[in-house]
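This is what each chain is made of:
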Amino acid sequence: MQSRSLTQLPQKLDVAEEEKEKLIDVDVTGIRFLQYSTGALQPSKELLGDNTTHDQFWNEDCDPQNILWEGMGGNRDRTRLSRLFRYENYRCNPEDDPRQLKYQCYDVFKHELSIPLRERTPKFYKFHYNDRNIRPHFCHFQLRHNICCTDKNYVYFPERNYLMHYHVETGEKRKVFSIESLQMSCFSVLNEFILCGGLQGELALFNTDGDRCFRKSIARHQESITNFTKLFVPNGLARDQIKMLICNNDNKVMISELHDTDNQSTFTFSEPINHATFSPDQSQLVIFGDSETAQVIDANSGEVIHRLHGHKDFGFVTDWHPNGHIIATGNQDQTTKLWD
């Protein structure tokens with residue numbers, strides 16, 4: 001996302017007395033802001049090397065990202081709170097005022113600040129290990145479908161001019177294939193295949209040994225970015241009966257045979273489609289694109305079944321609960337919504 005100018009804080013913030021002394025006044029173009037005083041966040045490679053382990057985090061009071069907060073006039077929580085109000089994400093619909101949402105987030109985060117860090121037990125994820133040598137690269141500021149975990153130990157991600165494979169337990173990192181000639185906007189991994197999309201509407205299929213199976217353009221013009229790709233096996237078929245789900249900036253959603261892109265179902269909409277997810281039984285798709293409204297469509301006919309109104313900007317991610325009754329949508333309006 002794109003970083004913009006500071007967002008003005010409310011006139012009166014309910015900040016604890018001991019926190020107020022850590023706030024300073026900043027005058028930016030004649031507007032008064034409150035901002036936490038923090039220095040540059042420089043990791044301490046000399047003290048802890050490239051990695052941070054769970055034991056270091058819990059026993060040595062080490063920051064997960066190896067940042068030395070001592071002497072910086074702040075800590076992770078205060079910097080996070082400051083960023084909450086300073087950061088403005090890119091918005092395609094500038095008419096909506098995001099400040100009210102920031103105030104709501106502040107109330108929630110203020111409660112979190114009252115709980116000691118190590119007593120904040122996450123419900124789903126727990127910090128285990130951080131390797132600062134892993135530097136994923138994203139070539140588009142909105143498209144983030146560029147990391148793929150095939151199981152708990154294997155991770156694929158783009159780094160500079162290569163698609164990389166990383167083994168979590170051993171720390172081994174290897175190059176799979178070059179993406180120098182492909183500005184990769186998204187990719188998907190299944191079994192021995194890797195399906196990549198490009199910023200010029202390309203679609204390229206590789207195997208996990210790095211050999212290219214095909215590369216072609218699926219767009220009507222060069223600016224039709226391939227926004228999302230997904231390899232999947234239709235329910236009831238053998239694991240080698242793989243198909244492709246593709247969302248494109250030319251307003252289309254395509255479902256195709258893996259090695260025969262001419263044998264496909266194509267659904268056309270009124271806006272570019274950024275993401276799509278199958279329902280657990282694969283009978284429906286939830287799609288979201290350059291619109292404030294997500295849609296649930298029939299996966300066979302493309303007919304719209306439901307329209308999900310409520311977001312205030314363009315959407316870039318969707319998901320479907322395994323029970324088939326709950327849908328999640330993520331949006332540039334800085335919200336995630338659940339639908340049942």
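Our subject is the structure listed above.
Counting of residues starts from 1 at the beginning of each chain's written sequence and follows it residue by residue. Where local features are concerned, this predicted model is filtered to residues with pLDDT of at least 70; where side-chain atom pairs are given and counted, the filter is 80 or more; whole-chain, interface and lining totals use all residues. In computing side-chain values, all of the structure's heavy atoms are included and hydrogens and water are not.

## Looking at the overall build of the protein
Moving on, step 1. Each helix corresponds to a stretch of at least 4 residues labelled H or I by DSSP, and each strand to a stretch of at least 2 residues labelled E; elements are numbered beginning at the N terminus. Of regular secondary structure, the protein possesses five helices and 23 strands.
Moving on, step 2. Exposure classes here rest on a 1.4 Å probe applied to the protein chains alone. A residue is buried below 20% of its type maximum, exposed above 50%, and partly exposed in between. Out of the 340 residues in the protein, the part that is buried amounts to 43%.
Moving on, step 3. The contact rule is simple, with two residues in contact once any of their heavy atoms fall within 4.5 Å. Restricting the contact set of the protein to residue pairs at least 6 apart, pairs at least 24 apart contribute 46%.
Moving on, step 4. Surface exposure here means Shrake-Rupley accessible area, sampled with a 1.4 Å probe, where a residue is shielded only by the protein chains that are shown. Of the roughly 19300 Å² of accessible surface on the protein, a fraction of 47% belongs to carbon and sulfur atoms.

## With respect to the nonpolar core
Moving on, step 1. Grouped together as the largest cluster of nonpolar side chains are 15 residues, with contacts concentrated most on Leu 245, Val 253, Ile 255, Phe 269, Phe 278, Leu 285 and Ile 287.
Moving on, step 2. Elements that contribute at least two residues to this core include exactly strand 13 (226–232), strand 14 (243–248), strand 15 (252–257), strand 17 (273–278) and strand 18 (284–289).
Moving on, step 3. Counting residues per element, this core draws most heavily on strand 17, at three residues.
Moving on, step 4. Apart from the residues lying within four places of it in its own chain, the contact partners of Ile 255 are Phe 232, Met 244, Leu 245, Asn 263, Gln 264, Ser 265, Phe 267, Phe 278, Leu 285 and Ala 299.
Moving on, step 5. Core analysis: the second largest hydrophobic core is formed by 14 residues, Cys 148, Ile 179, Val 189 and Cys 196 among them. By nonpolar core is meant a set of buried Ala, Val, Leu, Ile, Met, Phe, Trp, Tyr and Cys residues that side-chain atoms within 4.5 Å join together.

## Examining the sheet that holds strand 10 (residues 193–198)
Moving on, step 1. Pairing between strands requires that DSSP locate at least two bridges from one strand to the other. What the four strands build is an open sheet, ordered 9-10-11-12; its pairing is antiparallel. One side of each edge strand has no neighbouring strand; the edge strands of this open sheet are strand 9 (184–190) and strand 12 (212–217). Strand-to-strand twist across the sheet, computed as the mean angle between neighbouring axes with direction ignored, equals 15°. Only the contacting stretch of a helix is used when fitting its axis, a line to C-alpha atoms as for every element, and angles between N-to-C directions run 0 to 180 degrees.

## Details of the packing of aromatic side chains
Moving on, step 1. Any Phe, Tyr or Trp ring, taking Trp's six-membered ring, that has another such ring centre within 6.5 Å forms a pair; planes under 30 degrees apart are called stacked, those over 60 apart edge-to-face, and the others tilted. What the rule picks out here adds up to two aromatic pairs.
Moving on, step 2. Judged by centre distance (3.8 Å) and plane angle (5°), the ring pair of Phe 177 and Phe 206 falls under stacked. Taken together, the positions of Phe 177 in strand 8 (residues 173–178) and Phe 206 in strand 11 (residues 202–207) put the pair 29 residues apart, joining distant regions of the chain.
Moving on, step 3. Residue Phe 206 is classed as buried on the basis of its relative accessible area of 8%.
Moving on, step 4. Consider the rings of Phe 232 and Phe 278, whose centres lie 4.7 Å apart with planes at 50°: the pair is tilted. Here Phe 232 is found in strand 13, whereas its partner Phe 278 is found in strand 17, with 46 residues between them in sequence.
Moving on, step 5. Judged by relative accessible area, Phe 232 falls into the buried class, the value being 9%.
Moving on, step 6. For Phe 278, a relative accessible area of 15% corresponds to the buried category.
Moving on, step 7. Against the face of Tyr 162 rests Lys 175, its NZ or CZ located 4.2 Å from the ring centre. Remark: a charge is flagged as sitting over a ring if the NZ atom of Lys or the CZ atom of Arg is within 6 Å of the ring centre and within 35 degrees of the ring normal.

## Some details on the sheet that holds strand 15
Moving on, step 1. Pairing within the open sheet is antiparallel, and its four strands lie in the order 13-14-15-16. In this open sheet, the two strands that pair with only one neighbour each are strand 13 and strand 16 (264–268). Geometrically, the sheet is characterised by an average inter-axis angle of 10° between neighbouring strands, direction not taken into account.
Moving on, step 2. The sheet contact formed by strand 13 and strand 14 spans six bridges and is antiparallel. Note that in strand 14 the partner of Thr 229 across the bridge is Ile 246.

## Remarks on the pairing of strand 6 (residues 154–159)
Moving on, step 1. Counting buried positions along strand 6 yields five of six residues, so the element is predominantly enclosed.
Moving on, step 2. Between strand 5 (residues 148–149) and the antiparallel strand that follows it, strand 6, lie four residues.
Moving on, step 3. Bridge count for strand 6 against strand 7 (residues 162–167) is six bridges, and the pairing is antiparallel. Bridge pairing in strand 7 links Val 155 to Tyr 166.

## Describing the pattern of salt bridges
Moving on, step 1. For this analysis, a salt bridge means a side-chain nitrogen from Lys or Arg found within 4 Å of a carboxyl oxygen belonging to Asp or Glu. Counted by the stated rule, this structure contains three salt bridges.
Moving on, step 2. With its nearest N and O atoms 3.6 Å apart, the salt bridge here joins Glu 257 to Lys 243. Taken together, the positions of Glu 257 in strand 15 and Lys 243 in strand 14 put the pair 14 residues apart, joining distant regions of the chain.

## Quick notes on the pairing of strand 16
Moving on, step 1. Two elements, strand 15 and strand 16, share five bridges in a ladder whose sense is antiparallel. Bridged to Met 254 within strand 16 is Thr 266.

## Overview of unusual backbone geometry
Moving on, step 1. The phi dihedral of Asn 191 falls on the positive side, at around 55°, and the residue is not glycine.
Moving on, step 2. You can see Asn 191 is positioned in the loop between strand 9 and strand 10.
Moving on, step 3. Assessed through its relative accessible area of 30%, Asn 191 is described here as partly exposed.
Moving on, step 4. Even without being a glycine, Gln 282 presents a positive backbone phi close to 65°.
Moving on, step 5. Here Gln 282 is to be found in the loop between strand 17 and strand 18.

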